[in-house]
Amino acid sequence: MSNGNGMSRRQFMKTSAMAAGGLLLACHLPLGRRDAVAGTGDAFAPNAFLHIGTDERVTVIVNKSEMGQGVYTSLPMLVAEELCCDWKRVTFRASPVASEYNHTQFGPIMVTGGSTSVRSEWSRLSQAGAAAREMLIAAAAQEWRVEPAACRAEKGFVLGPGGRKLSFGTLAPKAAALPVPKEPKLKQGAKTLLGKPLKRLDSPAKINGTAVFGIDVRAPGMLTALIARPPVFGGTVKRFDVAKAKAVPGVRDVVAVDAGIAVVADGFWPALKGREVLEIAWDEGEGARVSTAAMSEEYARLAATPGAVARKDGDAPAELAKAARRFEAEYEVPYLAHATMEPLNCFVDLRSDSCLIRTGSQFQTGDRNAAARVAGLKPEQVTLETTFLGGGFGRRACPASDFVIEAVQVAKAVGKPVMVIRTREDDMRAGFYRPLWRDCVAACLDERGYPLAWHHRIVGQSIMIGTPFEATIKNGIDDTSVEGAADTPYAIPNLQVELHSPRNPVPVLWWRSVGHSHTAFVVESFLDELAHAAGKDPYQYRRALLAKHPRHLKVLETAARKAGWGKPLPKDRGRGIAVHESFGSFIAQVAEVSLAGDGQVKVHRVVCAVDCGRIVNPDTIEAQMESGITFGLSAALHGAITLRNGRVEQGNFDDYPPVRMAEMPKVEVHIVLSGEDPGGIGEPGVPPIAPAVTNALFAASGIRMRSLPLTPEAVKRAGGRAA
C-alpha cells in the first residue's frame, strides 16, 4: 500500500528503521546513531527527521498530522532552509510513532494540536537541517582535502575552492559515516525559503487522487463495520436480536462492543443495511432526561452565583456596587460539533503478537497505547500509521481514543482485519462537542467613558475533567474554559473573572480555538456595547485600551485601515471590529454586514490582519486565516447542537450546515510582519469572526445579538426586543 507519497509500506518501514533516534541533544534533536546509519551505502539519515538518498531526493519525516493546515510543506521548509538543498528535490513522509517524534512542549506524547506544529518544531527541525548541512560540507572537505570553512552548501551541492562541486546525493554515503555535530550553527542573514510563498508538497497527491486518507485504506480480507450506538449518552444495551441483521447479504457477524453493537460486513453498504434492521432494546437511564433547554436554565442560575476566581485585579464587585450606572449582559453559545468532512474511521489488523492501525490520528501516542491496552499487547507491538486527515479540529485528538478503541474491539471480536466507520450522523449524535457556555458580564465606566470595573462570570463544562490532563486544573480553574477572558489585554483597573464547571453526561472536547471560541465573542461583543454606551468609536475605544500592547495595536490598526474604517458604506450595511490573541498570534478582523427583511444576516466582506511572529509560508498563513474565518462563520451563522429527551437533534449538513459558497464573503488577509517568536496559525483565525459580525450587525441594524447562531428567527426575536 502507498502512504500517499508514492512509497510502499516496506520502503517506509525500512527508512524509518534507518532514521531511528539515538543521541538526544538539549534542543530535543534526536540524532541518528552511528550503528543506525553507518554502512547503509545509499542513504544519509543524520537524524530522525531527515533522509538524503543517492538519487538526490531529500525526504523530511514529519511528526505532525496533515489535516489541511499545510505541515507537510511548512515543516520541510524549516529543514530545507538550513540544509540549503534544492527545494524541487524535497518530499515528505509521515513519521512512525516513536519517542523521537514526541511533542517538544506537551510532554512525552506525539500529538498535533494547539496550533503548535511550527512553534514546537522550528528549533528542532532547523537544527536537523543545519546538522546535515555541516556533515555534507565536512564530507566534501575531506574529499577535497580542504578546510570545511572553505566550502559552502547551495541548492543541493557543496561548493569548494577552484569551482569544485559535489551533489548531496554523491556525498551522502561519506557523510553518513561522519560524527553528528552536537551544536550545529544556524545560517545567518537573509532566508532563501522561509517567508516565501511556496506551493504545497501534498497538493499533487490530493489533486490526482493518490493521497490516502483513513477512509481510503484497503487491505486483503478487510471487513467493514458500523456500530449501533445508544440514542442517549450513557445508555446501555438491554438485549438485542441479530437474526434480521445476519440475513442481510454481505453481513458476516454482529458483535457487542463497549460502544454498542457492531455489524460487520463485506462493505459499507451491507453493514449499513444490517444495522438498520438490527433489533436492540436500550436502557436509556438518566441520559434521557438531558436537554439543552434545562441546561440553559441551570447555567443561568449558576451565573447568578459566585464562582471560582480565575483572575482578580483590584475590586470589581465593590466598584460595581457603588456605581451610579452599570451595564450588564448575558451571552450564550451552544454545543458545537466538529463536523469533519471525512467521517471518523479506523482500520485495524490485529494478530496474536502485533497490531497494525491505519487512521487519521492527531493523538498518536495516546491512540497507540489505548489500542495496546485493549489488544493485550505492549505498545511497541502496535504500529500506528498516520494517514491524511480529512479535517480534525480537535476531534481526532481525543484523550478517550474512542474511535480507535472501538475498532480494536471489533477486530478482536471478529479475528479479521476490519475498518470501523462512523457515519457523520453517528459522530454528530454520539460524539464529542465544544461545550455550551453562558456568560454574565457587568461593567461600569469612569468619567472618561472607559471601563473602571469589569466582572465576568463563565459557566460551562470543563474539557479537562476526566482526561489525563485533569491535573492541570488548579483551584477549580480549567484554563481552557477561561482563556481569552482571564488574560484579556484591555487596561481595566478592576477586573474579576470567575468560573463554574457544571457536569453532565454530554461528552465535550477541544474544538478549533478551544476556549477562545466563546470568550472572544463575549469580550469583544461587550466591549463594543461599552464603546457605544460611552458614545465612542469602537475602533478608537479599543486603541485607547490597548496602548501598552503594540502587537494588538498593530493588527487592529492594519485591519481598520485596510477595511476603510470610517469611510461611507452602502445603505443598510455596517462594519464591526474585533481583535484577539490566541496561541501566540494576534488577529484583528473587520466585517461588513447587512440584514435582510427576513432576518437573514449577510456578511459581505471580512478584512483580517494577522501577526503570527516569524513566518514560514505566507500562502499557508493566508489559507489558514481564510479557513478559520469560514469555520467560525459557519458556527456563528448556523452552528448549534441541541438535545431533547437526551437525543441530539442534528445529524448531518442538512440541519448542521456549514457556510455555503453563496454565503461566503470576500476575505482579505494582511500579514503584519514581525520578528517575534512564531505563533500558531491553524486556530487563531476563528475567535474574532463571530464578534466582528455581531458588532457589524449592530452597526447596520441596531440589533445587538448576545447569543449564537444568528439564525433569521433569532435575529428577528432580538430585533423585536430591541424595538
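The structure we're discussing is the one just above.
Quantities reported herein were computed from a predicted structural model and do not represent experimental measurements.

Q: Explain the overall build of the chain to me, please; I cannot follow it from the model alone.
A: A count of helices and strands for the chain gives 20 helices and 31 strands. Against the compact-globule benchmark of 27 Å for 723 residues, the chain has a radius of gyration of 27 Å, which places it among compact chains. Classification of the 723 residues of the chain by burial places 61% in the buried group. Of the contacts made within the chain by residues no fewer than 6 positions apart, 74% connect residues no fewer than 24 positions apart.

Q: Looking at this structure, how should I read the sheet that holds strand β27 (residues 585-595)?
A: Hydrogen bonding along the main chain pairs the strands of a sheet, whether they run parallel or antiparallel. Here four strands make up an open sheet; going across it, the order is β26-β27-β28-β31 and the pairing mixed. The sheet is open, and its two edges are formed by β26 (573-582) and β31 (666-671), each paired on a single side. For this sheet the average axis-to-axis angle between neighbouring strands, irrespective of direction, equals 15°. Here ten bridges tie β26 to β27, and the two strands are oriented antiparallel to one another. Each bridged residue has a counterpart across the sheet, and for A578 the counterpart in β27 is Q589.

Q: Help me understand the pattern of salt bridges, please; the structure alone is not making it clear to me.
A: Here the idea is simple: oppositely charged side chains can pair when their charged atoms come close. The final tally for this structure, using the stated rule, is 43 salt bridges. For K273, the salt bridge identified is with E276, shortest N-O distance 2.9 Å. With a gap of three residues between them, K273 and E276 both fall in helix α8 (residues 268-277), about one helical turn apart.

Q: Is there a simple way to explain the nonpolar core in this structure?
A: If you look at soluble globular proteins, the nonpolar side chains tend to sit buried side by side. Ranked by internal contacts, the top residues of the largest apolar core, which has 88 residues, are F44, L83, L136, V158, V348, I357 and V410. Per-element accounting of this core gives the leading share, eleven residues, to helix α4 (residues 117-144). Apart from residues no more than four positions distant in its own chain, F44 is found in contact with L50, H51, I52, A132, M135, L136, A172, A175 and A176. Residues Y450, V523, I577 and I629 belong to the second largest nonpolar core, which totals 79 residues.

Q: What is the right way to read the packing of helix α15 (residues 516-533) against helix α19 (residues 689-701) from this model?
A: A packed helix pair is summarised by two numbers, namely the angle formed by the two axes and the spacing between the axes. Close contact between α15 and α19 brings their axes to 8 Å; oriented N to C, the two are set at 30°. The orientation of α15 with respect to α19, classified from their angle, is roughly parallel. Taken as a pair, α15 and α19 cross one another with a handedness that is right-handed. Seen from α15, the contacting residues are A520, F521, E524, S525, D528 and H532; seen from α19, they are A690, P691, T694, N695 and F698. Broken down by class, the residue content of the contact of α15 with α19 amounts to five nonpolar, four polar and two charged.

Q: What am I meant to see in α15 here?
A: An α-helical turn contains 3.6 residues, so a residue and the one three or four places further along point in the same direction. Its 18 residues place the ends of α15 25 Å apart at the C-alpha level, agreeing with the 26 Å of an ideal helix rising 1.5 Å per residue. Burial analysis of α15 places 16 of its 18 residues in the buried class, the great majority of the element.

Q: Can you walk me through the state of the cysteines in this structure?
A: What makes a disulfide is a covalent bond joining the sulfur atoms belonging to two cysteines. In the structure shown here, the tally under the stated rule is zero disulfides. Cysteine C444 is unpaired, with the sulfur of C440 as its nearest cysteine sulfur at 14 Å. With relative accessibility at 2%, the residue C444 sits in the buried group.

Q: Teacher, can you tell me more about helix α5 (residues 168-176) here?
A: Listed as buried for α5 are F168, G169, L171, A172, A175 and A176. Projected onto a plane normal to the axis of α5, the buried residues spread over an arc of 150° and lie on a single side.

Q: Looking at this structure, how should I read the packing of aromatic side chains?
A: The description of an aromatic ring pair rests on the distance of the ring centres and on the angle between the ring planes. The full count for this structure, using the stated rule, is 13 aromatic pairs. Here W454 and F526 contribute two aromatic rings whose centre-to-centre distance is 5.2 Å and whose plane-to-plane angle is 75°, an arrangement assigned as edge-to-face. Of this pair, W454 sits in strand β24 (residues 451-460) while F526 sits in helix α15, placing them 72 residues apart in sequence. The class of W454 is buried, set by a relative accessible area of 3%. For F526, a relative accessible area of 1% gives the class buried. A connected cluster of aromatic rings, assembled from ring pairs, spans Y72, F92, F213 and F388. Here the guanidinium or amino end of R512 rests over the ring plane of F631, the centre of that ring lying 5.3 Å away. Sitting over the face of the ring of W122, R614 holds its NZ or CZ atom 4.6 Å from the ring centroid.

Q: Even after reading the chapter, I still don't get the sheet that holds strand β25 (residues 494-500), so can you show me in this structure?
A: If you walk across this open sheet you meet the five strands as β15-β25-β24-β23-β16, and the pairing is mixed. Only two strands of the sheet have a single neighbouring strand rather than two, namely β15 (308-313) and β16 (327-333). Strand after strand, the sheet turns through a mean of 10° between neighbouring axes, direction not considered. This element, helix α9 (residues 292-303), spans β16, β23 (437-445), β24 and β25 of the sheet and lies at about 140° to β24.

Q: Can you help me understand the environment of P687 in this one?
A: Checked against the element boundaries, P687 lands in the loop between β31 and α19. Here P687 falls in the buried class, since its relative accessible area comes to 2%. Spatially, the C-alpha atoms of P687 and A443 are 22 Å apart, while their sequence positions differ by 244 residues. Non-local contacts of P687, meaning those with residues more than four positions away in its chain, are made with S513, H516, A520, H580 and S582.

Q: Could you clarify how one ought to interpret unusual backbone geometry in this entry?
A: Generally, phi is negative for residues other than glycine and the peptide bonds are trans, each holding for most cases. A cis amide bond links L708 to the next residue, P709, at an omega of 5°. Its location among the elements puts P709 in the loop between α19 and α20 (712-722). Non-glycine residue K155 carries a positive phi angle of around 50°. By secondary structure assignment, the location of K155 is in the loop between β7 (152-154) and β8 (157-159). What makes K155 exposed here is its relative accessible area of 63%. Positive phi is not limited to glycine here, since N475 has a value of about 55°.

Rules used throughout
Residues numbered from 1 in each chain as written. Predicted model: local features only at pLDDT ≥ 70, side-chain atom pairs only at ≥ 80, totals over all residues. Heavy atoms only, no water. Helix = DSSP H or I, 4+ residues; strand = E, 2+ residues; numbered from the N terminus. Rg over C-alpha atoms; globule rule 2.2 N^0.38 Å. Buried < 20%, exposed > 50% of the residue type's maximum accessible area, 1.4 Å probe, protein only. Contact = heavy atoms within 4.5 Å. Pairing = 2+ DSSP bridges. Axes fitted to C-alpha atoms, helices over the stretch in contact; angles between N-to-C directions. Salt bridge = Lys/Arg side-chain N within 4 Å of Asp/Glu carboxyl O. Core = buried A, V, L, I, M, F, W, Y, C linked by side-chain atoms within 4.5 Å. Parallel < 35°, antiparallel > 145°, perpendicular 65-115°, else oblique. Left-handed = near helix turned anticlockwise from the far one by under 90°. Nonpolar A, V, L, I, M, F, W, Y, C, P; charged D, E, K, R; others polar. Expected span 1.5 Å × (residues − 1). Disulfide = S-S within 2.5 Å. Arc of directions from axis to C-beta. Phe/Tyr/Trp six-rings, centres within 6.5 Å; stacked < 30°, edge-to-face > 60°. Lys NZ or Arg CZ within 6 Å of the ring centre and 35° of its normal.

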